[in-house]
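An overview of the molecular structure
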Amino acid sequence: MDKEKIRGLLKEAEAKIGIAKGLNEVEKIKKEYLGRKDGQISLILRGLKDMKPEQKKEVGPMANSAKIEIEKMIKDKEEWFLLQGQEVAGFDITLPGSKTTTGHMHPIEIVRQELEVIFNSMGFDVIEGDNLVSDYYNFESLNIPPDHPARDMQDTFFIKGHKELVMRTHTSAMQVKIMEEREPPLRVVVPGRCFRNEATDASHEHTFHQLEGFIVDKNISISNLIYTQKMILKEIFKKDVKVRLRPGYFPFVEPGFELDCSCLICDGKGCPVCKGSGWVELIPCGMIHPKVLESAGYPKGKYTGFAFGLGLTRLAMMKFGIDDIRLFMDGDLRFLKQF
Ligand code: FA5
């Protein structure tokens, strides 16, 4: 009798699950057959303890496999409804999501990506390079031997116990490393962090971003350098920006220049960022020193090139009108949310 009943219940459940029109209905069917208190299969299973051993032997396994089968059919049906976007136990995946606040790019990253697009369009490859570099690449390969006074221009973070390693003080540290790996013609930009053991103020940070750029080829001249810088600034500021070139000393370029741009914070009138001068030192640059090309292993006299080291953090200050460099790393959301 029980065996017949179980077979009947199984068929019945299968039919009902087959035509169920939603998860609510499936839940009801589940309760009807497997509900703990009075589910029809559950009642049979509970009655096993009062059965004679022989009857128990026959009915027990049958009731159990009916339970397992019904459970499986119910699970499959629930999953099917879920895929169709039906609600499940109070959770409706078709409802529109509630609003959350999402993050956004840091202003430095915004400027960096903009620059990468500009330089890419001008045929430059973008290489990030390393933050921790050898003393050789940061200084020596750039014509700055040990004890050279030019080392004092960039207060350096050395690594305890590893005198030969430094946190790169400038992205120029990637110049020779990249040149060693590639043959001219070369057009490369290296955006990234630099570190200097400096006291901070409105325009100086211990950690800041630069973007190094260099071109090495045959017959590269100062006119190529000036034209490229002007084009870059025009693209960045979307307008003609007043610039001036001054002689500048860097051991790895000859001749060397400082390209300043008129302070966009105060319109050249003078403010803490430009230290009252109306000009901001933006792009130190120059023709690559023959000693650097020699460090790279290029044949003497075969190639010339120019290099520049754009102060990316200061550029972001100009672009967004930020008058204190320290705001970039303060983590103050009132500042960051404005971008
Ligand atoms: C250099 O770092 C050279 N490597 C640049 C260079 C490259 C010259 C290629 C010639 C050829 P300088 O120390 O001036 O130069 O730094 C370059 C720029 O980085 C500065 O103009 C400035 O915009 C930025 N900078 C330097 N120090 C800091 C600092 N502490 N905080 C924020 N920006 C800084």
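This next bit is on the environment of F320. Its place among the elements puts F320 in helix α10 (residues 312-320). Taking relative accessible area as the criterion, F320 reaches 30% and is therefore assigned partly exposed. On a C-alpha basis, the gap between F320 and L48 in space is 79 Å, while along the polypeptide they are 272 residues apart. Dropping the residues within four chain positions of it, F320 is found in contact with P107, I110, V111 and F339.

As enumerated under the stated definition, the model contains 0 disulfides in all. Left without a disulfide partner, C266 is nearest to the cysteine sulfur of C263, which lies 3.6 Å away. Here C266 falls in the buried class, since its relative accessible area comes to 11%. Lacking any disulfide linkage, C274 is separated from the closest cysteine sulfur, that of C266, by 3.7 Å.

What follows is about the site of the ligand. The immediate surroundings of the ligand are formed by 23 residues, with H170, S172, R196, E198 and E205 found nearest. With respect to the ligand, the side chain of S172 contributes an N or O atom lying 2.7 Å from a nitrogen atom. Between the ligand and the protein, one listed contact pairs an oxygen atom with a side-chain N or O atom of E281 at 3.4 Å. Considered on its own, the ligand offers 670 Å² of accessible surface; in the complex 96% of this is hidden by protein. Contributions of two or more residues to the shell around the ligand are made by β6 (207-217), β9 (279-288) and β10 (304-311). The biggest single contributor to the shell around the ligand is β10, with 4 residues. Split into classes, the residues belonging to the shell around the ligand amount to 9 nonpolar, 8 polar and 6 charged.

Going through the model one piece at a time under the given rule, you end up with 16 salt bridges. In this structure, the salt-bridge partner of E4 is R7, at a minimum N-O distance of 2.8 Å. Taken as a pair, E4 and R7 lie in helix α1 (residues 2-19) at a separation of 3 residues, close to a single helical turn. A residue is classified by how much of its surface remains accessible, and E4, at 52% relative accessible area, is exposed. A network of salt bridges, in which partner residues are shared, links E12, K16 and E32.

Judged from the 3 bridges that link them, strand β2 (residues 132-134) and strand β4 (residues 162-167) form a sheet pairing that is antiparallel. Bridge pairing in β4 links L132 to M167. Examined bridge by bridge, strand β3 (residues 158-159) and β4 share 2 bridges and lie antiparallel to one another. Within β4, the residue paired with I159 across the bridge is H162. What sits between β3 and β4 in their antiparallel hairpin is a turn of 2 residues, with G161 showing a positive phi close to 80°.

Rules behind the numbers
- Residues numbered from 1 in each chain as written.
- Predicted model: local features only at pLDDT ≥ 70, side-chain atom pairs only at ≥ 80, totals over all residues.
- Heavy atoms only, no water.
- Helix = DSSP H or I, 4+ residues; strand = E, 2+ residues; numbered from the N terminus.
- Buried < 20%, exposed > 50% of the residue type's maximum accessible area, 1.4 Å probe, protein only.
- Contact = heavy atoms within 4.5 Å.
- Disulfide = S-S within 2.5 Å.
- Near = heavy atom within 4 Å.
- Polar contact = N/O pair within 3.5 Å; in protein donor to acceptor, adjacent residues only side chain to side chain.
- Areas by Shrake-Rupley, 256 points an atom, 1.4 Å probe, with all protein chains shown as cover.
- Nonpolar A, V, L, I, M, F, W, Y, C, P; charged D, E, K, R; others polar.
- Salt bridge = Lys/Arg side-chain N within 4 Å of Asp/Glu carboxyl O.
- Pairing = 2+ DSSP bridges.

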